[in-house]
Amino acid sequence: AVALHALRPGVRVIAVEPKGKGLGRCLALSQRVLDPEAANGALDTIADAIRTKCLGPTPWAAASQLLDPAVLSVDDDQIRAAMRIALLELKQVVEPAGALTLAALLSPAFKQLREEHQLRHVAAIVCGGNIDLETLFLHVRTGP
């Protein structure tokens, strides 16, 4: 978001999160931590690289200023499906957290957002191959 806004100040950066994180609600309320008791807890998600329930102070400072208020949430089945598509169709190995954006692009919520806001040009970052083969095969084999 920081680099994109530096290059194109008017660009919209839409965040994607694992279901249950609550980033959209945090942004809407301008509040980094909604539940102090659960703030350091971990989400139950296969996206293990981003299991924290709230952003740290430094990422929050950037996110709260630069992210679009629309936040897309995806569940584990959507992440698995995206990993499977990345592997079989794009020939890319991505870890669950890296597949979030592809999962969001394939979601009905993104289709609705794109139509409502007439989004014409869309870019997504799909990254992260930090996954062992056994876990990768488990996820892509059990995808919808």
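It should be emphasised that the depicted structure is a prediction, and the values quoted were computed from it without experimental measurement.

Re the pattern of salt bridges
Now for step 1: What the rule picks out here adds up to two salt bridges.
Now for step 2: With a closest N to O distance of 2.7 Å, R12 and D68 form a salt bridge. Of the two residues, R12 is situated in the loop between α1 (2–7) and β1 (13–18) and D68 in strand β2 (residues 67–74); the sequence distance between them amounts to 56 residues.
Now for step 3: Between R80 and D77 there is a salt bridge; the shortest N-O distance is 3.0 Å. Linking R80 with D77, this pair stays in helix α4 (residues 76–88), spanning three residues, or about one helical turn.
Now for step 4: Classification of D77 as partly exposed rests on a relative accessible area of 42%.

Thoughts on the confidence of the model for the chain
Now for step 1: Within the chain, residue pLDDT values average 91, and 98% of them lie at 70 or more.
Now for step 2: Averaged pLDDT values over the elements of the chain bottom out at 87 in helix α7 (residues 133–141) and peak at 96 in helix α5 (residues 100–105).

Thoughts on the packing of α4 against α7
Now for step 1: Two numbers describe how α4 lies on α7: the axes approach to 8 Å, and their chain directions differ by 110°. As judged from the angle between their axes, α4 and α7 are roughly perpendicular. Here α4 contributes R80, M83, R84 and L87 to the contact with α7, which in turn contributes L136, H139, V140 and R141.

A few points about the side chain of K21
Now for step 1: Topologically, K21 is positioned in the loop between β1 and α2 (23–29).
Now for step 2: We note that K21 is buried and unpaired, the nearest opposite charge coming from E17 at a distance of 6.5 Å.
Now for step 3: A polar contact of 3.5 Å, which involves the side chain of K21, links it to the backbone oxygen of I50.
Now for step 4: In this structure the side chain of K21 is engaged in a polar contact, spanning 2.5 Å, whose partner is the backbone oxygen of T52.
Now for step 5: Not counting residues up to four positions away in its chain, the partners in contact with K21 are L43, I50, T52, K53 and L55.

Thresholds applied
Residues numbered from 1 in each chain as written. Predicted model: local features only at pLDDT ≥ 70, side-chain atom pairs only at ≥ 80, totals over all residues. Heavy atoms only, no water. Salt bridge = Lys/Arg side-chain N within 4 Å of Asp/Glu carboxyl O. Helix = DSSP H or I, 4+ residues; strand = E, 2+ residues; numbered from the N terminus. Buried < 20%, exposed > 50% of the residue type's maximum accessible area, 1.4 Å probe, protein only. pLDDT = per-residue confidence, 0-100. Axes fitted to C-alpha atoms, helices over the stretch in contact; angles between N-to-C directions. Parallel < 35°, antiparallel > 145°, perpendicular 65-115°, else oblique. Contact = heavy atoms within 4.5 Å. Lys, Arg positive; Asp, Glu negative; His and termini not counted. Polar contact = N/O pair within 3.5 Å; in protein donor to acceptor, adjacent residues only side chain to side chain.

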